[in-house]
Structures are given as structure tokens and as C-alpha cells.
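This is what each chain is made of:
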Amino acid sequence: MQRWTLLIGGRKIETEGYQDVINPSTGGVVGGMPLATAKHLDAAVAAASKAFATWKDVPDSDRADACRAIGDTIESHAEELSRLLTLEQGKPLNGLGSRFEIGGAVAWTRYTSGLSLPVEVLQDGAEGRVELHRKPIGVVGSITPWNWPVMIACWHIIPAIRAGNTVVIKPSPLTPLSTIRLVELLNEKLPPGVGNVVTGGNEIGSLMSAHPGIGKVTFTGSSATGRKIMQNAAGTLKRLTLELGGNDAGIVLPDAEPNKIVEGLFWGAFINGGQTCAALKRLYVHDSLYDKVCSELTAYAKQVVVGDGLSETSTLGPVQNRRQFDIVSTFVNEARDKGGRVLIGGAPADGPGYFYPVTLVADVDHGCRLVDEEQFGPALPIIRYNDVEDAIAKANATSMGLGGSVWGSDLGRARSVAQRIEAGSVWINKHGAIQPNAPFGGVKQSGFGVEFGVDGLKEFTTVQTVFV
Ligand code: NAD
């Protein structure tokens, strides 16, 4: 079994303790994650701080070139990264799986490399000149989840360093290895200390949130952890971007054509086995189409191949970990007990790995956790409605506000419904289709701040106004 190392100040660092990283398809051990201590974290922050002193003054075009070179190196190691990601995360190589994720990491890196934040002249006249400058913050602490670890690491690291910051990243202990490898590759293109990785348990994340040497934490993960980070960051008044959980609703309007939307609905919900922040997690369907949408979705689900991600024929893999598997099982069982009709799935087979079948549950409503809470797995509740106003009210009856979607043939009508959904992103006739030029973030308890595009880049800066 390979024991991996931390990467601090450009050097690989071994630790005393290691923790097994488990392949969720087989239960086998993929590798040993180094267990960092508070001292390792201090060393990483010190290295990042030292590197910041020069990186912040590197010409902007050189930082852009370095980010572009990182995009190229990720691309040239795409297959290696994809396999490692599949081994620890479970997602298949194919479909919307590891190769797709690494391709996304390259695309986001390249797009972000080309962004810049030139000085804005707010006023220039007899009354004087006023300029708005964007300054890097310093050391950015990045804390990432286990669902899209490589892509999310790039969403954090690339805009941070592009804007002149340096980074210490702490990946999820469930999927740390692909991030370690990513940071090794980054270090081939960056001065020592600009990108550092420390791995370990949740306590390293807590220490980062309170660390006086870290100026900003960018976090992607659950709302519960987001709250703790905000509390821990209060003592040092850190800047925060919090990309948290979601319970996205999709509303199918009476004029939708089920056969045309079924594929989009399915993958909107089941991308990465539903383990996606902005996946469709509650589907509201008008009574006039309800049975047709249920039967089309069931037929589509039947031909999806769930299996070990390393098999080239799999399009969905296992749930990533036992805890999430248990949440999905519990929510589905509870929905069934409350009268939910399981159209497909609902009963995991025995055997190695955390495989949970694609599951559709009809005739459910609010009042069960499969609808009210974030299932974050391959089980979709389908709720019947008669009045669109009622569907909008129910879509908004949640503390979450990440994404939402509306499905229908009259785009004007769909648009007016979409704009009434309380969410950071809304889609029409698709769900969850994010892109690097469009800001993405949550409202309500799905967090605050945005990622992507110029707005996302600005989050890694502070404003300095210069009055001449
Ligand atoms: P999680 O909150 O359990 O863990 C995320 C990260 O936080 C991990 O690295 C973990 O070690 C760390 N952590 C745990 N406790 C901490 C603490 N007290 N202080 C600091 N760090 C701590 O989330 P998860 O289970 O890994 O990911 C799933 C969740 O992430 C879902 O709710 C999903 O919706 C959300 N998510 C959101 C987005 C988004 O962009 N909004 C994207 C992906 C995932």
C-alpha cells in the first residue's frame, strides 16, 4: 500500500500517523493518507505566508501563464488522475464520472487563467482621480468535500493563486489522494509554498478556520460544517466563501413533453449518484403528466449501468461512504413507510462496496426526510401537484437555496416561474449545468459568496481605493 505525503513549501513531508483510504466499490485499501498535526498546519501556513511575500508581486501575466501551465499539466496527467479519483471516490471513469471531472478541472483552470482584475478608474477630473485596486488577501485556506474533490480543489486553488494569494488545501479524509497528486503536479509549475496540502481529520479543518495566519477560508461542504467554520473564523474575522448543501427542486409544468425532458431530469438528479451539491433532489410534477414522467424516468433508469467505476461500461458507481449510504437507506425506508411508492430500486444488494441502486419514489410529499432534507445519494422523490403556485411555495419551503429548475415548452412561462425560485442558480429544461464564466453560489443556508467568473475571482481579493 502506498503511503502518501503532505506537501509543504515544495517538499514532501512524511507523518507519524496514516489512515487508510477505502475504495467504495470494493472495501479495499487504496492508500495511506498522512495524518497531519497542528505543527504541520503551522508549517504549511508559514510556508504559504513566506511565498505570498513574493507571489503577490509577480507580474499578473506571469501568474496567468503559471495557471495556464497548470491546466496543461492536469490535462497531460488526466488518465492517471481519473483512475486515482475513481479508486477513492467510486465514480466511474466514464459518463459524468472521473474523466469528466478532470476535463472540468482543466476547463475551469484554463478559463480562470484568462481572467484579470485591472484597476478601475472611478473618477478622473477636476475633483481628483479615484482608483479601485484589487489586492490579494494572503494565505487562503481551502477545505473541500468528497464528491467532486479534484474539480472543487481547482475551483478553490486556481482563482486564489491567479489573484496573487497562496493556498493551504485540506481535502476530505475520504478522498484525499487525488488532491495530494494534484498539488504535487501544481508544484511543478509554481514557486515553493504557493500551493500546499495538509491531510487529516476534521480537526485540521477546525484549526484552519481559527488560524491567525490564514486570511480567508473558502469552504465547500455541508451547511452544518459551514456554521462551525463561521464560528471558528469569528475570532480572526476571516473572509469566507461558503458553498454549502442544497435541496434543489425541479418543477415540471403542465406543458412539458416527458419524452424530451426525461434524460435531462435523470442526469440532473443522478449525476455522481446524486452526490452533487446542485443535483435535482426533489421533483414536482403536474398531475396531468405525473404518471407519464414516472414511467419514462423508470424506463430510463432501467438501462443505466451501476458498477465498479474502473469498469469501462459503468455509468454510475457506489455511494462514496458508509455514512452516506445509511442516510440514503434510512430516508428511502422512511418514505416507503409513509406511503411512498418505490418505482425502481430501494433495496440494495448484499456484497462488497456501498452500492445503492438508482431509486425513484413516487407519491411522497413534504413531511418525510427524503423530501425535507438533503439525501445526497441516488434516490429521487417525485411529488404530485395540481396548482403551480402550490409547487412554487413547496419548492421554496426549505432553508436551502442552492439551485432549482423549471421544465416546460413555453419558455416565457418557465422563465417567470424560475425567477420565483429562491436559489442562487435556476435552470430551464436542465439542472445543475454550471459553467466557468457564470457565478455560482447559494442563498439562504446554502451559503454565501460566489465562485467562477470575474465575480468569483474578486472573492479572493480585498478592495483598496486610491484617492489621488
Ligand atoms: P462535510 O461538511 O462533512 O465535510 C467537508 C469538509 O469539511 C471535509 O474536508 C471535512 O474534513 C471538513 N470538516 C469537517 N468538520 C469540520 C470543521 N468542524 N471545521 C472545518 N472543516 C471541517 O461535507 P461532505 O460530506 O464532505 O460533503 C457533502 C456536502 O457538501 C453536501 O451537503 C453537499 O451539498 C455539499 N457540497 C456543496 C457544494 C457547493 O458548491 N455548494 C459542492 C459540493 C458539495
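Residues numbered from 1 in each chain as written. Predicted model: local features only at pLDDT ≥ 70, side-chain atom pairs only at ≥ 80, totals over all residues. Heavy atoms only, no water.

Peer 1: Sorry if this is basic, but what is going on with the overall build of the chain here?
Peer 2: Of the regular secondary structure elements, the chain holds 15 helices and 20 strands. For 468 residues, the compact-globule formula gives about 23 Å, and the C-alpha radius of gyration of the chain, at 23 Å, lands near that figure. The principal-axis extents of the C-alpha atoms in the chain amount to approximately 65 × 65 × 40 Å. Here the chain holds 468 residues, and the buried ones make up 57% of them. The contacts of the chain with a sequence gap of at least 6 include a subset with a gap of at least 24, amounting to 73%. Summed over its atoms, the accessible surface of the chain is roughly 18,100 Å², and 52% of this surface lies on carbon and sulfur atoms. Charged side chains of the chain number 43 positive and 48 negative; the gap between the two group centres comes to 3 Å. (Helix = DSSP H or I, 4+ residues; strand = E, 2+ residues; numbered from the N terminus. Rg over C-alpha atoms; globule rule 2.2 N^0.38 Å. Buried < 20%, exposed > 50% of the residue type's maximum accessible area, 1.4 Å probe, protein only. Contact = heavy atoms within 4.5 Å. Areas by Shrake-Rupley, 256 points an atom, 1.4 Å probe, with all protein chains shown as cover. Lys, Arg positive; Asp, Glu negative; His and termini not counted. Charge placed at Lys NZ, Arg CZ, Asp CG, Glu CD.)

Peer 1: What is the right way to read helix 9 (residues 258-270) from this model?
Peer 2: Because each turn of an α-helix spans 3.6 residues, side chains separated by three or four positions end up pointing in the same direction. A rise of 1.5 Å per residue sets the reference length of helix 9, with its 13 residues, at 18 Å; its end C-alpha atoms lie 17 Å apart and thus fit the reference within 8%. Considered for burial, the residues of helix 9 that qualify are Pro 258, Ile 261, Val 262, Leu 265, Phe 266, Trp 267, Gly 268, Ala 269 and Phe 270. Looking at the buried side of helix 9, the elements it contacts are strand 12 (248-252), strand 13 (280-286), helix 10 (290-302), strand 15 (359-362), strand 16 (379-385) and strand 17 (403-407). Just past helix 9, the residue Asn 272 takes up positive phi, approximately 55°. (Expected span 1.5 Å × (residues − 1).)

Peer 1: Could you clarify how one ought to interpret helix 2 (residues 60-76) in this entry?
Peer 2: Between the first and last C-alpha of helix 2 there are 25 Å, a value that for 17 residues agrees with the 24 Å anticipated at 1.5 Å per step. Within helix 2, the full set of buried residues consists of Arg 63, Ala 64, Ala 66, Cys 67, Ile 70, Gly 71, Thr 73 and Ile 74. Those residues of helix 2 that are buried are in contact with helix 1 (38-55), helix 3 (78-89), helix 4 (98-113), helix 5 (149-162) and helix 6 (177-187).

Peer 1: I tried to follow the site of the ligand on my own but got confused; where do I start?
Peer 2: Around the ligand sit 30 residues in total, of which Thr 144, Asn 202, Ser 222, Thr 225 and Glu 374 are the nearest. At 3.4 Å from a nitrogen atom of the ligand is found a side-chain nitrogen or oxygen belonging to Ser 206. Here an oxygen atom of the ligand and a side-chain polar atom of Glu 374 are 2.6 Å apart. Protein chains bury 93% of the 840 Å² of accessible surface belonging to the ligand in isolation. Counting residues per element, the shell around the ligand draws most heavily on helix 7 (residues 202-210), which supplies 4 residues. For the shell around the ligand, a count of residues per class yields 13 nonpolar, 13 polar and 4 charged. (Near = heavy atom within 4 Å. Polar contact = N/O pair within 3.5 Å; in protein donor to acceptor, adjacent residues only side chain to side chain. Nonpolar A, V, L, I, M, F, W, Y, C, P; charged D, E, K, R; others polar.)

Peer 1: What is the right way to look at the packing of helix 2 against helix 5 in this model?
Peer 2: Helix-helix packing is characterised by the crossing angle of the two axes and by the distance between the axes. Running from N to C, helix 2 and helix 5 point in directions that differ by 155°, and their axes come no closer than 9 Å. Considering the angle they form, helix 2 stands roughly antiparallel to helix 5. The residues of helix 5 that touch helix 2, namely those facing Asp 60, Arg 63, Ala 64, Cys 67, Ile 70 and Ile 74, are Cys 154, Ile 158, Ile 161 and Arg 162. Class assignment of the residues belonging to the contact of helix 2 with helix 5 gives a composition of 7 nonpolar, no polar and 3 charged. (Axes fitted to C-alpha atoms, helices over the stretch in contact; angles between N-to-C directions. Parallel < 35°, antiparallel > 145°, perpendicular 65-115°, else oblique.)

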